[in-house]
Amino acid sequence: MTDSSLLRRITDPASRADPYPLYEELRRTPVLHEEEGGAYAVSRYHDILALLHDPRISSDDRRLADRGDDELPGPEGTVLPPSFIRLDPPEHDRLRRIANSAFGPPHRPHRIDGMRGELAGIVGELLDGLASAAAGGGEIDLVDEFAYPFPVTVICRLLGVPREDEPRFRGWVDVIVAGLDPETRHDPAAPAQRAARQARVQLGMYLAGLVEERSREPRDDMLSDLVAGRGPDGAMSTMEVLSTAVLLLIAGHETTVNLITNGMLTLLRHPEHLERLREDAAYGVPVVEELLRYEPPVQLLPSRTCITDIEVHGVTIPEGARIWLMLAAGNRDPERFADPGRFDPDRPDNEHLGFGSGVHICFGAPLARLEAQIALTELARRLDGPRLLQDPPPYRLSPVLRGPRHLPLGVDGVRPRQDG
Amino acid sequence: MHEPYHEWLRREGRIVVVGASLAGLRAAETLRAEGFAGSLTMIGDEPHPPYDRPPLSKAVLLGRAAPDRTELPRRREIDADWRLGVAAIGLDLAGRRVRLADGGEVPYDRLLIATGVRARPWPDEDEARLDGVFVLRTRGDAVRLHRRLKASPRRVFVIGAGFTGSEIASACRQQGLAVTVAERADAPLVGALGSVVGAVAADLHREGGVDLRTNVQVTALEGDRVGRVRAAHLSDGSVVETDVVVVALGAVRNTEWLAGSGLAAGPRGVACDAGCRAFDVRGIVTDDVFVAGDVARSPHPLFGYQFLSLEHWGNAVAQAEVAAHNMISGSSDRRPHLWVPAFWSSQFGVNIKSIGVPSMGTEIMITQGSLAERRFVGVYGHQGRVIAAVSFDNTRWLDFYQRLIETGAPFPVEFTTVDRRPEGRRPVPAAFPDPSLPTHGPTVTVSGYAPSDRRLVFTPARP
Ligand SMILES: Cc1cc2nc3c(=O)[nH]c(=O)nc-3n(C[C@H](O)[C@H](O)[C@H](O)COP(=O)(O)OP(=O)(O)OC[C@H]3O[C@@H](n4cnc5c(N)ncnc54)[C@H](O)[C@@H]3O)c2cc1C
Ligand code: HEM
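Only a predicted model underlies this, so the values are computations on that prediction, with no experimental measurement involved.

1. Some remarks on the packing of helix α15 (residues 284-294) of chain A against helix α17 (residues 365-382) of chain A
Geometrically, a packed helix pair is captured by the angle between its two axes and the distance between the axes.
Residue and element names in this part refer to chain A.
Then comes step 1: In the contact formed by α15 and α17, the axes pass within 9 Å of each other and the chain directions differ by 115°. Put simply, α15 runs roughly perpendicular to α17. When the axes of α15 and α17 are compared, the crossing they make is right-handed. Seen from α15, the contacting residues are G284, V285, V288, E289 and L291; seen from α17, they are R369, A372, Q373, L376 and T377.

This is how it looks when you write it as structure tokens:
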């Protein structure tokens, strides 16, 4: 049972290209617990949804035996406090409210919508950049040359990182994100890990400097709002601002890369939808929702734990046990979605689990949606004769943040921007 | 599979909906979505196509939404014969006809009654007619009140601190108007949520700058020589000068048009079974008249089969969908209306939501957050079971408490929860002014997720 255990097969990189048959098998045992001390995997839509709203479930890493290591050393080598994705109420709620007052309504209702033009500009430039590579009927890698640089640039603009610092900032982020790779993650001596630690220190110091500048001289950006603290909850401490900034960076990075890349892959596998998107930009909205159901960038939430014994589907999950909420399996639960294996942007009532649910529901969802809608629509419009050169493409190792490492595309060219 | 009658009904039957608002519209849409191809007539006494009411006491009063811009979004085309601006004035049950105020008659094979409620007027008719005295139920009410509020009155006097009165007070304060609220109970929202939560609501009012008067009744409204309201007299002898009075004393059910029809319709609404079929006065259920929305009273298995009258937006939608489905389905395909009551309100910057029937609760415990911080979840218990929950700025947890209600989970809530404070470990009396105590019966729980597979699990009472 051990080496062929289902959860091991799911996390095995060999399953990455198509984990969905395994999820189908998984749903047959709604709460799967295979190994002493191992996780309890919950895979049916309604059970997952219920647990995401269950106040007996904690997101606080400190309640778990083996915590993750995504904290960042602060300016003087101190460790940053956990960010709100890893906290329970009331701390979670306070920090999220302050972050929200810098991000959305009622205090900043236009922050995201106001970025529409800027996002289109970034996408436009990236696509212009592809034009030369594509010129001779060439080959492009959608990940390295488009999907990867896009979200970092967006986060820079959102936080208020000055343009001239963007290349440095992106350099650090690239190294940190590379360090999240499960292959090297647990080997502190690996060069990638050493480099990542180094980059964390540098990014931390850089951000601390920026925070100080913005508290002295506020501008119209998120960092300024976070330190100004306009809402009834006041401001975050500098350390809290730093962990929040890093959270936004990490949480909004690989997820968005994968959404765009999975999106293009799926559309190329279903060309009639790519065609329709090219004709009708409004189709981008349901396409992105269906992608979040059909190929969710966050496949599972691996670090929940219960603070008391709970019963799910007749199985008792003991206090302190680790729970895996299998979002991608729930998204294809036939009890909730008719014909779940079909990519169908027109499906009604598509309340997918792609952004989670409950108090930790994705904070960046409005931004992520807009980024993906603009990116996919522009790709559909401007890439001339795109085709998959490798199907399935090579995947990243992570079973949690799942997506292609590269997406080699053949293109006949890149059409010029349609301005307006 | 449908038997021949329902086949015919779906193909060419005549369905009449009286009350062209939320419940009426959603029922009509469901009928068409489920394949009803016959004729559909929508009768409404208001001149407008269906619009949404909740914004009237919120965004509209704040000037954030125009009163004539709150049309209900349409889910689909319904291809109906709209008879707007004309009231139904009578029902001939045996002859299956609705009589209209314009003298016309509309025959039906199936009738849906969705006439809702109207604002309870100020009992003294002369005082109610004074210029500056308002109620708030319709779009017209909202337009008139909004116009008056924009003219910077010196003070707004709100009678009744239920949800609507509290929302109006909040909206007025947000616009910087001086506001007095008079409430007969010891705090706002007491009837709906009890005194423990009412005390929090009272703090919200006072901190929001409302001059809140509790344990008082308004005894008279005083007008000036030209018939404008100028003051309100209270039972404690005080007099408050004001130029706007909003009467928020709850609602009256629109059932007068059914008087003498033979249906079990009266001041408490139109009684119907869990399948939304109306009862006649003999207590026999009809097969061709259905009821949905605020005007309906229906027995709910989770709450001791008590007949509940709910003035809840979500109930109107859910009940309309069930009624519509059942209108065109044979008995074995019919569904029960098992909606767990849910209500939301926003006032003084706080989102309040309740589920279940709080007023049946005898005790409450705060399982998450704290009353003092005005962010919490309170759970109501009744005879050892969780019967309701309320949240202040904590809506995202309520699905969990809904499951507790549906499964008849034990009360007090012993297990730990995130953000449980010391104050929340013990239940305290919920303190409703007039607790209604239904008798202890068998346990009934709900299972299933989709409307079509929701089931009741019946467990006989243990000795
Ligand atoms: C100001 C305000 C704020 C609210 N806020 C909330 C909230 O925050 N949350 C919430 O859950 N609910 C709220 N509600 C309640 C919610 O709006 C109602 O539950 C919902 O409107 C009920 O819909 P209905 O179709 O059953 O009844 P109604 O909307 O009352 O519609 C009944 C219709 O029938 C018409 N009618 C009556 N008699 C006749 C007749 N004889 N012939 C023809 N037509 C007739 C009426 O004029 C009306 O148009 C609020 C209501 C108001 C007024
Ligand atoms: C396609 C893109 C994205 C996907 C699929 C995604 C998915 C998710 C999911 C599933 C969660 C829930 C985590 C949990 O419950 O533990 C989450 C939380 C979060 N996301 Fe996203 N995300 C995306 C993009 C973004 C972006 C662009 C940002 C930042 C701007 C962002 C910021 C966050 C934050 C801050 C949280 C934590 C919220 C909390 O704990 O309250 N995400 N995201």
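2. Some points on the pattern of salt bridges
Residues and elements named next belong to chain B.
Then comes step 1: Counting across every chain of the model gives 61 salt bridges over all chains.
Then comes step 2: Between R139 and E71 there is a salt bridge, with its nearest N and O atoms 3.7 Å apart. Here E71 lies in the loop between β2 (39-44) and β3 (81-84) and R139 lies in helix α4 (residues 139-150), a separation of 68 residues in the sequence.
Then comes step 3: Given the relative accessible area of 41%, E71 is considered partly exposed.
Then comes step 4: R253 is the salt-bridge partner of E311, the closest N and O atoms lying 3.1 Å from each other. Taken together, the residues span a long stretch of sequence, with E311 in the loop between β23 (306-308) and α7 (313-327) and R253 in strand β17 (residues 251-253) at a distance of 58 residues.
Then comes step 5: Given the relative accessible area of 33%, E311 is considered partly exposed.

3. What about the domain arrangement of chain B?
All names here are of chain B.
Then comes step 1: By the assigned domains, chain B splits into domain 1 (4-118 + 252-333), domain 2 (120-249) and domain 3 (342-447).
Then comes step 2: Put simply, the middle of domain 2 and the middle of domain 3, counted by C-alpha atoms, are 29 Å apart.
Then comes step 3: Taken together, the contact pairs 21 residues of domain 2 with 23 residues of domain 3.
Then comes step 4: Summed over both sides, the interface between domain 2 and domain 3 buries roughly 1800 Å², with carbon and sulfur atoms accounting for 72% of that surface.
Then comes step 5: The largest contributions to the domain 2 side of the interface with domain 3 come from L193, V196 and L204, which together make up 32% of the buried area.
Then comes step 6: The interface formed by domain 2 and domain 3 contains two salt bridges.
Then comes step 7: Linking E207 and R374 is a salt bridge whose minimum nitrogen-to-oxygen distance equals 2.8 Å.
Then comes step 8: One can count six residue pairs in polar contact (both at pLDDT 80 or more) joining domain 2 with domain 3.
Then comes step 9: Elements with a contribution of two residues or more to the side of domain 2 that touches domain 3: α5 (163-174) and α6 (190-207).
Then comes step 10: Of all the elements, α6 adds the most residues to the side of domain 2 that touches domain 3, at 13 residues.
Then comes step 11: Here the residues of the side of domain 2 that touches domain 3 are counted per class, giving 11 nonpolar, seven polar and three charged.

Quick notes on the rules
Residues numbered from 1 in each chain as written. Chains lettered and ligands numbered in written order. Predicted model: local features only at pLDDT ≥ 70, side-chain atom pairs only at ≥ 80, totals over all residues. Heavy atoms only, no water. Axes fitted to C-alpha atoms, helices over the stretch in contact; angles between N-to-C directions. Helix = DSSP H or I, 4+ residues; strand = E, 2+ residues; numbered from the N terminus. Parallel < 35°, antiparallel > 145°, perpendicular 65-115°, else oblique. Left-handed = near helix turned anticlockwise from the far one by under 90°. Contact = heavy atoms within 4.5 Å. Salt bridge = Lys/Arg side-chain N within 4 Å of Asp/Glu carboxyl O. Buried < 20%, exposed > 50% of the residue type's maximum accessible area, 1.4 Å probe, protein only. Domains from an automatic or database assignment. Buried area = accessible area lost by both parts, 1.4 Å probe. Polar contact = N/O pair within 3.5 Å; in protein donor to acceptor, adjacent residues only side chain to side chain. Nonpolar A, V, L, I, M, F, W, Y, C, P; charged D, E, K, R; others polar.

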